[in-house]
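Observations on the three-dimensional arrangement
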Amino acid sequence: MASSTPITTVPRSNVPDTVAGRRGKSIWQRHGMAYLMCMPTVILFLVFMAFPVGYVLYTSLLKWNGIQSVLDAQFIGLDNYARLVQDSLWWQAVRNTLLYAIIKIVVELPLALMLAVVLNSGIRGVVGFRTIGFIPVITSIAVVSLAFTFFFSPLPGAPFNTFLIELGIIDRPIAFLGERATAFWTVTGIAIWHDLGINMVFFLAALQTVPRDLYDAAQVDGASVRQRFLHIEVPVIRPLTAVIVTLSLAGSLKVFDYFAVLTGGGPGFSTTTMVLYMFRYTSFGGGGLAGATSQPEVGYGSAVAIGLGLIILAVVLFQQWINSLQDKRAG
Amino acid sequence: MMSTETSQLNLRDLELEVAVDPHKTRKQLGRTFGTFLKYLLLLVYMAICVYPFLWMISTSLRDQRSVFTAGGSLWVSDPNWQNYVDIWESANIPRAFANTIFITAACMVLTILTTSMTSYALSRSNFPGRQLILFSLLVTLLVPGEMLIIPTFYVNRAFGFVGDGKALIAVILVTVAGAQAFNVYLMLGHFRTIPRDLFDSAELDGETYFGTYWRIAFPLIRPAVATITLLTFMGVWNAYLIPLVYLAPLPEFQTLTIALVQYSKQFQTLYHIMAAGAVIGLVPVILVFIFLQRFFIRGLTEGATKG
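The shown structure was predicted, so the numbers you read here are calculated from the model rather than taken from an experiment.

Conventions adopted
Residues numbered from 1 in each chain as written. Chains lettered and ligands numbered in written order. Predicted model: local features only at pLDDT ≥ 70, side-chain atom pairs only at ≥ 80, totals over all residues. Helix = DSSP H or I, 4+ residues; strand = E, 2+ residues; numbered from the N terminus. Contact = placed C-beta atoms within 7 Å. Axes fitted to C-alpha atoms, helices over the stretch in contact; angles between N-to-C directions. Left-handed = near helix turned anticlockwise from the far one by under 90°. Nonpolar A, V, L, I, M, F, W, Y, C, P; charged D, E, K, R; others polar. Domains from an automatic or database assignment. Buried ≥ 20, exposed ≤ 12 C-beta atoms within 10 Å, placed from the backbone. Expected span 1.5 Å × (residues − 1). Bend = angle between axes of the 7 residues up to and from the residue.

Notes on the environment of G301 of chain A
Along the chain, the position of G301 of chain A falls in helix α12 (residues 298-330). Along the chain, G301 of chain A and V56 of chain A lie 245 residues apart, while their C-alpha atoms are 9.3 Å from each other. Once you skip the residues sitting within four places of it in the chain, G301 of chain A turns out to touch M278, Y281 and T282 of chain A together with I150 of chain B.

With respect to the packing of helix α4 (residues 126-138) of chain A against helix α14 (residues 271-291) of chain B
Running from N to C, α4 of chain A and α14 of chain B cross one another at 140°; their axes reach a closest spacing of 10 Å. The interaxial crossing formed by α4 of chain A with α14 of chain B has right-handed handedness. Here α4 of chain A contributes T131, I135 and I138 of chain A to the contact with α14 of chain B, which in turn contributes V285, I286, F289 and I290 of chain B. Of the residues that constitute the contact of α4 of chain A with α14 of chain B, the class distribution is six nonpolar, one polar and no charged.

Looking at the domain arrangement of chain B
Residue and element names in this part refer to chain B. Taken domain by domain, chain B consists of domain 1 (2-80) and domain 2 (86-306). Taking the mean C-alpha position of each, domain 1 and domain 2 sit 36 Å from one another. On the side of domain 2, six residues touch domain 1, which itself brings eight residues to the contact. With four residues, helix α2 (residues 22-60) is the single largest residue contributor to the side of domain 1 that touches domain 2. For the side of domain 1 that touches domain 2, the class distribution of residues is three nonpolar, three polar and two charged.

Overview of helix α13 (residues 256-266) of chain B
α13 of chain B sits mainly inside the fold: nine of its eleven residues count as buried. If you check which residues of α13 of chain B are buried, you get L256, T257, I258, A259, L260, V261, Q262, Y263 and S264 of chain B.

Re the domain arrangement of chain A
One can read the domain layout of chain A as domain 1 (21-55) and domain 2 (87-330). Using C-alpha coordinates to define each centre, domain 1 of chain A is positioned 39 Å away from domain 2 of chain A.

Overview of the interface of chain A and chain B
Between chain A and chain B, the residue contacts involve 91 residues of the former and 100 residues of the latter. With 21 residues, the single largest contributor to the side of chain A that touches chain B is helix α1 (residues 27-59) of chain A.

Notes on unusual backbone geometry
Backbone torsion omega between G266 of chain A and P267 of chain A reads -10°, so that peptide bond is classified as cis. Assignment of secondary structure puts P267 of chain A in the loop between α10 (257-262) and α11 (274-280). Even without being glycine, N92 of chain B reaches a positive phi, approximately 55°. The topology assignment puts N92 of chain B in the loop between α4 (82-90) and α5 (93-124).

Observations regarding α1 of chain A
For α1 of chain A, built from 33 residues, the straight-helix expectation of 48 Å at 1.5 Å per residue is missed by more than 12%, its first-to-last C-alpha distance being only 39 Å. Along α1 of chain A, the sharpest change in direction is near 45° and occurs at M39 of chain A; proline P40 of chain A comes one to four residues later.

Dropping the structure here:
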């Protein structure tokens, strides 16, 4: 979430230890309790963050099925990475994930902004609308996806096809989640439905910080709705928009739940995302994914993990860089 | 609070336009039409938000035959409550509820305790290594948790937390570890607003370092605690990826989400019963949200803007 925090904000130590009687004691006497209190976080960090980063780097150099002892695994150097670079299915997963992330930004954020502007324009019942619009956000993606498998199915009685046929848009049912041409778009649509509300709320929160007298002044000057939007609202929401884009990107690139439950990455690999592709080489979760291998290849899976970590990092840093350029331009 | 403000705005708009001139009335008509469009847009969006849930509820009350003739209608003439009994028993829902509540509660308590202690110490004392901890946590924010799914699994396996009930511990540890960096930074922001004199004078009054944290600092950051509690509740209750890794092969220890997804794999065509399961899984979160929606929305927006 907070990957938006610029790296430069490590808080300065402005903490003078001036309590009388502390001077001249050993570090442990002075700070023992502070160390003890940081201990759980530090241990969790070392065991479940720092060590695993090193470990996954190491296992990515092995031919290892995850079942035999890691010490017996064969060291194969960078072979897994050589394989990864040439793995067209991996690149398809990367493409799917990036396309998903881009669509989420290009479609979802403008919709969310539009709804927020409407909600902020002197409508009655803002709290009610906001609450209802937020309900999809708080529900479990996996459980909601479960219900949607029938909602979008071509079976008789399934709502989505029935509506489209009644409206005359299609004339025979389509397996929206089962066909290459539609599966990816359907899942992405469901994801937009699920996540739109949170961005609407973010934008609304930003818009509500616009001082009232700015609107009054605009009204006195006879500004049009468009002018008001461009010259009052856009400057206020611009900084938060950068944060929203970062959050959206960081979340989208890790996407797993929707695709795992709705399509399992199929048909073919048309809806496989980076995290799904990594899963494919492990024995976790009991399979059910597109092309899940019967024999886990955890060494290769580790290389995939590094690959997806690097891509996420690169995209997020690239976006931060764009932001900083824009900030400079905006002065 | 918001709504009263905006309705006042509306009243003023109307007053301004009481003076009728032909030019104005046309403008006013246009504005009425615009307002109509706004409400229409919002109502359509609300319908899209809510309809799938209503459809889920109605599907959960159908029998196996009427599921396939409903065609999106929400009306159920003859509700079949048996579906809830069926899913309750066959997916072992009570057990899944207990597991989910246990994991969620443990993650909430442990996340709050560990992150608040750490951020208290980090904001209060300048000990050697403080900068290193702050920097490490900041770097953690850049490492996607998904990248560490594989290695943390083998760390837990080495501890013996894989394959039986102890897998619940694995889920809790991985979740709490993943929550550290973000929440420490969120809490640091709150601890910094507490005047330092308060700590120093408490200590001069004989309060210990830990006592100052527990009795003075912690109560003062209640808003942050509320935010983190709600975010953790939502995240853990709904979690899929981490519980899937550790709990999917263990029917006795599955969370609600995992139990429902596993059940659906087994009984793919019993859509009415799956819908009942989905309703059971979604209702607790929706209820908590409706009662605490202000806190949820404040917490989430704070997380985005200050985190």
